[in-house]
Amino acid sequence: MQVKSLLLTMGIGVVAGAATVLMIPRHSEAYRMADDAAHTIKQSAGRMLDSIRGD
């Protein structure tokens, strides 16, 4: 039950963060920093999945 609660909390946090970023103007430094962080996380997650799969 705790894992389900953790995933739900993380999901809510991700949605709230995404909604906040959508309200920031695209040309601002904060938007670019958030976008760079999102791309870095996506790349890291992809590498982690590839290493788990053994590719």
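Please read these numbers as outputs of a predicted model, since none were measured by experiment.

Undergrad: Any chance you could break down the overall build of the chain for me, citing the residues and the numbers?
TA: Scanning the chain from terminus to terminus reveals 2 helices and 0 strands. Relative to the globule expectation of 10 Å for 55 residues, the C-alpha radius of gyration of the chain, 15 Å, shows a markedly less compact shape. Overall size of the chain, expressed as C-alpha extent along the three principal axes, is 40 × 30 × 10 Å. By the burial criterion, 4% of the 55 residues in the chain qualify as buried. Summing over all exposed atoms, the chain offers an accessible surface of approximately 5,000 Å²; the carbon and sulfur share of this is 68%. Within the chain, one finds 6 positive and 5 negative side-chain charges whose respective centroids are separated by 7 Å.

Undergrad: Describe in detail helix H2 (residues 29-53), supporting the description with residues and values.
TA: Over its 25 residues, H2 runs 36 Å from end to end, which matches the ideal 36 Å to within 8%, given 1.5 Å per residue. Glycine 54 sits one or two residues past H2 and shows a positive phi near 90°.

Undergrad: Outline a nonpolar patch on the surface, listing residues and values.
TA: Together, Val3, Leu6, Leu7 and Met10 line one region of the surface with nonpolar side chains, adding up to about 420 Å² of accessible area. Tracing the chain through its elements places leucine 6 in helix H1 (residues 2-22). For leucine 6, a relative accessible area of 49% corresponds to the partly exposed category.

Undergrad: I'd love a proper account of the pattern of salt bridges, names of residues and values included.
TA: Taken as a whole and judged by the stated rule, the model has 1 salt bridge. One salt bridge in this structure joins arginine 32 and glutamate 29, with 3.9 Å as the shortest N-O distance. Taken together, the positions of arginine 32 and glutamate 29, both in helix H2 and 3 residues apart, correspond to about one turn of that helix. The partly exposed category is assigned to arginine 32, whose relative accessible area is 43%. Assessed through its relative accessible area of 48%, glutamate 29 is described here as partly exposed.

The rules behind the values
- Each chain has its residues counted from 1, running along the sequence as written.
- Local features in this predicted model are restricted to residues whose pLDDT is 70 or higher, and side-chain atom pairs enter the listing and the counts only when it is 80 or higher, whereas totals over whole chains, interfaces and linings include all residues.
- Side-chain measures were taken over the full set of non-hydrogen atoms in the model, leaving aside hydrogen atoms and water.
- Secondary structure counts use DSSP, requiring at least four H or I residues in a row for a helix and at least two E residues in a row for a strand, with both numbered from the N terminus.
- What the globule rule says is 2.2 Å times the number of residues to the power 0.38, and the radius of gyration is computed from C-alpha atoms.
- Exposure classes here rest on a 1.4 Å probe applied to the protein chains alone. A residue is buried below 20% of its type maximum, exposed above 50%, and partly exposed in between.
- Only the protein chains shown count as cover for residues, and all accessible areas are computed by the Shrake-Rupley method using a 1.4 Å probe.
- Counted as positive: Lys and Arg. Counted as negative: Asp and Glu. His and the chain ends are not counted at all.
- One atom stands in for each charge, and that atom is NZ of Lys, CZ of Arg, CG of Asp or CD of Glu.
- What a helix is expected to span follows from its residue count: subtract one and scale by 1.5 Å.
- A residue counts toward a patch only above 30% relative accessible area and without a salt bridge, and it is joined to like-charged neighbours within 9 Å or, for Val, Leu, Ile, Met, Phe, Trp and Tyr, to nonpolar neighbours within 5 Å.
- For this document, the term salt bridge refers to a Lys or Arg side-chain nitrogen within 4 Å of an Asp or Glu carboxyl oxygen.

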